[in-house]
Amino acid sequence: MTQRNQEECHSSYSWVSLTLQERGLYKHVHQELELKVSEWKGAQAGLWRSWKCAVSTPGCQSYRATRSPRGAGSVRNRPGPGAVMRAAAAGMPQTLSTSDMVTPGSLSPPPTEPTDGEQARQPLLDGAPSSASLDTLIQQLVPTADYYPEKAYIFTFLLSSRLFIEPRELLARVCHLCIEQQQLDKPVLDKARVRKFGPKLLQLLAEWTETFPRDFQEESTIGHLKDVVGRIAPCDEAYRKRMHQLLQALHQKLAALGQRPESLLGADKPISYRTKPPASIHRELLDICSDPYTLAQQLTHVELERLQHIGPEEFVQAFVNKDPLASTKPCFTEKTNNLEAYVKWFNRLCYLVATEICMPAKKKQRAQVIEFFIDVARECFNIGNFNSLMAIISGMNMSPVSRLKKTWAKVKTAKFFILEHQMDPTGNFCNYRTALRGAAHRSLTAHSSREKIVIPFFSLLIKDIYFLNEGCANRLPNGHVNFEKFLELAKQVGEFITWKQVECPFEQDRSITHYLHTAPIFSEDVICRMQQICLWIC
């Protein structure tokens, strides 16, 4: 390693250490940075590092990588964005250890007798068995005058129950049990009892409509809500007023989710040309935004805007298997359009980066674009936007970009090495998971809205949920629901729901976001031809 490269290495290391220390991430990645520095020193003695990466993740195809210092002009990484929804590699997911989205309730559940041949089991939550029949789990959801289910149980069961019963059916059964157990169909009600039961029922309905608003798109579900609340309203008119507020908030939420902003309607499909496309149809990103910090903030704005439209139920519906005890009809009709749109956004950003790098004809200009995106990726890491960070790295590692050896020779790559090391797929992305835990901890103790931002590498989250779904059965051999599996699923999805609800602290620049959504992106074949032209010109 030359003296210049050593200085670049230590300079970038000092910069990253200071930045991470200021943002509360330093203690989680310090050891990884020290390891990288030692690897660079080893390269001076000719110890070039080579390995095979057999990890195939959504958004980052399986690839073999043989690396040598980019400063020497040798770049051979070829992951490419790939098909993001593809089944991932072997190995069970690693579970994050940060706190759950919801906190347990303070009330203890009533004792219930085992049904359908059930045996007593050690509960995972208070009163929630590791497995039980569907009827027992539904009963556990229904509040009474002296019992309210834990919030963690409510979220877990509402998330997973759609695998076995349609949400409108579940709501109908819950309302029926409430009417039956509280004797709400009697001419004369026990007002003292109803006054204790009413707030708990309204709280359950509020949590349901807030977390899973799409379950109430049909008029029949609204009818069930009005019916059961109408039965307790004579005991306290405040119940009717509270129900009106609940329905008003529900309609507003559904209206917001039904809107399709520009960010969800952009042209995500790469364009193909037989020759290099004319410059007249393509504006360079640096002409729109020359500040990497501003672009990183606008990417974060786009990410959070798209995440807001993804419902927790889409994670269950993405990898659903046919329930062997269900009827021939599917348990739900909802699709995963928002989840798929977010995946397309990741692929689009990958190709946009590669397109922007290969468009300039001179290698000096291409080197400037590469260094610009390195700075953008660095700021994405500092913000906590790991999805955009991985998209930028994947775009820069596409074959047409990585083969521009003369261009890379003009790039200061020390900072890029550090970012690549943080997103290294080795060990099931152990470095990234460490950084993610640091960002999650910072979010929990944040003093500003900027510090609350955590945008995970979405394709890896999908992979983890995929393996959890494939590795554990929904039902046990005795027909009981494997509730232990769904508690783990709810933990992963619940964390994501908490992160996506953070409001973006950065002001939107519509000219930049419009460019990110609408700028032409070219297929890998076209980018390859552009790269060949660049090599011929050079």
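Counting starts from 1 at the beginning of each chain's written sequence and moves along it residue by residue. With the structure being a predicted model, the display of local features is reserved for residues of pLDDT at least 70 and the display and counting of side-chain atom pairs for 80 or more, all residues being used for whole-chain, interface and lining totals. Calculation of side-chain values draws on the structure's entire complement of heavy atoms; hydrogens and water are dropped beforehand.

1. Regarding the overall build of the protein
For clarity, the cut-off: What counts as a helix is a DSSP run of H or I of at least four residues, what counts as a strand is a run of E of at least two, and both are numbered from the N terminus. Exposure is judged per residue with a 1.4 Å probe applied to protein chains only, and the accessible area is read against the type maximum: over 50% gives exposed, under 20% gives buried, and values in between give partly exposed. In this description, contact between two residues means that some pair of their heavy atoms is separated by no more than 4.5 Å.
In terms of regular secondary structure, the protein is built from 23 helices and 4 strands. Counting every position in the protein, which comprises 538 residues, the buried fraction comes to 56%. In the protein, once contacts between residues fewer than 6 apart in sequence are set aside, the share between residues at least 24 apart is 80%.

2. A word on helix α6 (residues 191-211)
Selection criterion: A helix's residues, less one, multiplied by 1.5 Å, set its expected span. By definition, a residue's bend is the angle between the axes fitted to the seven residues ending there and the seven starting there.
Relative to the 30 Å expected for 21 residues at 1.5 Å per residue, α6 spans 30 Å between its end C-alpha atoms, a close match to the ideal helical length. At Phe-197, α6 shows its largest kink, close to 30 degrees, and the proline Pro-199 lies no more than four residues downstream. Residues Val-194, Phe-197, Gly-198, Lys-200, Leu-201, Leu-202, Leu-204, Leu-205, Ala-206, Glu-207, Trp-208 and Thr-209 constitute the buried set of α6.

3. Quick notes on the packing of aromatic side chains
A ring pair, where both rings are aromatic, is described by two values, the distance of the centres and the angle of the planes. Counted only if it meets this: Any two of the Phe, Tyr and Trp rings considered here, Trp counted by its six-membered ring, make a pair once their centres fall within 6.5 Å; the pair's planes then place it as stacked at under 30 degrees, edge-to-face at over 60, or tilted in between.
A complete count under the given rule lists 17 aromatic pairs for this structure. Aromatic pair Phe-381 and Phe-386: ring centres 5.9 Å apart, planes at 85 degrees, arrangement edge-to-face. Ring geometry for Phe-458 versus Phe-496: centroids 5.7 Å apart, planes at 50 degrees, classification tilted. Here the residue Phe-458 occupies a position in helix α20 (residues 458-471), and Phe-496 occupies one in helix α21 (residues 483-500), the gap between them amounting to 38 residues. Within the aromatic cluster, the residues linked to one another by ring pairs are Phe-346, Phe-381, Phe-386, Phe-429, Tyr-432 and Phe-457.

4. Some points on the side chain of Arg-366
Note the cut-off: Whenever two N or O atoms come within 3.5 Å, that pair is a polar contact, provided that in protein one can donate a hydrogen and the other can accept it, and provided that, for residues adjacent in sequence, both atoms are side-chain atoms.
Secondary-structure assignment places Arg-366 in helix α14 (residues 363-383). Within the structure, the side chain of Arg-366 is placed 3.0 Å from the backbone oxygen of Ala-361, a separation counted as a polar contact.

5. Some words on unusual backbone geometry
In this structure, Gln-183 takes a positive phi of about 55 degrees despite not being glycine. Considering the arrangement of structural elements, one finds Gln-183 in the loop between α5 (167-181) and α6. On the accessibility criterion, Gln-183 (42% relative accessible area) is partly exposed. A positive phi is found at Asn-428, a non-glycine position, where the angle reads about 55 degrees. Here Asn-428 is to be found in helix α19 (residues 426-444). For Asn-428, a relative accessible area of 14% gives the class buried.

6. Description of the environment of Leu-339
Turning to its location among the elements, Leu-339 is positioned in helix α13 (residues 337-358). Assessed through its relative accessible area of 0%, Leu-339 is described here as buried. Measuring from C-alpha to C-alpha, the distance between Leu-339 and Phe-458 comes to 9.7 Å, with 119 residues separating the pair along the chain.

7. Notes on the nonpolar core
Just so we agree on the cut-off: Residue types Ala, Val, Leu, Ile, Met, Phe, Trp, Tyr and Cys, when buried and joined through side-chain atoms within 4.5 Å, form a set referred to as a nonpolar core.
Core analysis: the biggest nonpolar cluster contains 134 residues, and Leu-295, Phe-315, Phe-373, Met-396 and Phe-458 have the highest contact counts within it. When residues of this core are assigned to their parent elements, the largest contribution, 13 residues, is made by α13. With sequence-adjacent residues up to four places away left out, Phe-458 is seen in contact with Ile-310, Phe-315, Leu-339, Tyr-342, Val-343, Asn-387 and Phe-496.

8. Looking at the confidence of the model for the protein
This is how the line gets drawn: The predictor's confidence in any single residue is recorded as pLDDT, a number from 0 to 100.
Confidence in the prediction of the protein, expressed as mean pLDDT, is 75, and 66% of residues score 70 or more. This stretch, residues 1-24, has a pLDDT under 50; its non-local contacts, to residues over four places away or in other chains, come to 40 contacts. Scored below 50 in pLDDT, residues 327-334 makes 19 contacts in the model with residues more than four places away or belonging to other chains.

9. Some thoughts on helix α4 (residues 151-160)
Among the 10 residues in α4, 9 count as buried, and that is most of the element. Within α4, the full set of buried residues consists of Ala-152, Tyr-153, Ile-154, Phe-155, Thr-156, Phe-157, Leu-158, Leu-159 and Ser-160. Tucked into the core, α4 has its buried residues touching α3 (134-141), α5, α6, α12 (313-318) and α21.

10. Thoughts on the pattern of salt bridges
Cut-off, in case you're wondering: By definition here, a salt bridge exists when the distance from a side-chain nitrogen of Lys or Arg to a carboxyl oxygen of Asp or Glu is within 4 Å.
Following the criterion strictly, the structure yields 13 salt bridges and no others. Ionic pairing is found between Lys-196 and Asp-146, a salt bridge with its closest N-O pair at 3.0 Å. Within this pair, whereas Lys-196 is found in helix α6, its partner Asp-146 is found in the loop between α3 and α4, the two being separated by 50 residues in sequence. Using a relative accessible area of 43% as the deciding quantity, one classes Lys-196 as partly exposed. The structure contains a network of salt bridges with shared partners spanning Glu-166, Arg-168 and Glu-218.

11. Remarks on the packing of helix α7 (residues 219-232) against helix α8 (residues 238-258)
Going by this rule: Only the stretch in contact is used when a helix axis is fitted, and all axes are lines through C-alpha atoms; the angle between N-to-C directions ranges over 0 to 180 degrees. Angle categories are assigned with fixed cut-offs, so that under 35 degrees is roughly parallel, over 145 is roughly antiparallel, 65 to 115 is roughly perpendicular, and the rest are oblique. Whether a crossing is left-handed or right-handed is set by the direction in which the near helix is turned from the far one by less than a right angle, anticlockwise for left-handed and clockwise for right-handed. Following the grouping adopted for this structure description, the nonpolar residues are Ala, Val, Leu, Ile, Met, Phe, Trp, Tyr, Cys and Pro, the charged ones are Asp, Glu, Lys and Arg, and the polar ones are all others, Gly among them.
Contact geometry for α7 and α8: axes closest at 9 Å, N-to-C directions at 165 degrees. Between α7 and α8, the interaxial angle falls into the category roughly antiparallel. Considering only the axes of α7 and α8, their crossing is right-handed. Of the residues in α8, those touching α7 at Ile-222, Leu-225, Lys-226, Val-229 and Ile-232 are Tyr-239, Met-243, Leu-247 and Leu-250. A per-class count over the contact of α7 with α8 returns 8 nonpolar, no polar and 1 charged.

12. Description of the environment of Pro-400
Among the secondary structure elements, Pro-400 is positioned in helix α16 (residues 399-402). Residue Pro-400 is classed as buried on the basis of its relative accessible area of 1%. In this structure the C-alpha to C-alpha distance between Pro-400 and Ile-357, which are 43 residues apart in sequence, comes to 9.5 Å.

13. Quick word on the packing of helix α15 (residues 386-396) against helix α18 (residues 414-422)
Two packed helices can be described by the angle between their axes and the distance between those axes. As a packed pair, α15 and α18 sit with axes 11 Å apart at the nearest point and diverge in direction by 115 degrees. In this structure, the crossing between α15 and α18 has a hand that is left-handed. On α18, the residues touching Leu-389, Ile-393 and Met-396 of α15 are Phe-416, Leu-419 and Glu-420. Residue composition of the contact of α15 with α18, by class: 5 nonpolar, no polar and 1 charged.

14. Quick look at the environment of Pro-292
As for its placement among the helices and strands, Pro-292 is situated in helix α11 (residues 292-307). Classification of Pro-292 as buried rests on a relative accessible area of 12%. Taking the C-alpha atoms as reference points, Pro-292 and Arg-378, separated by 86 residues in sequence, lie 9.0 Å from one another.

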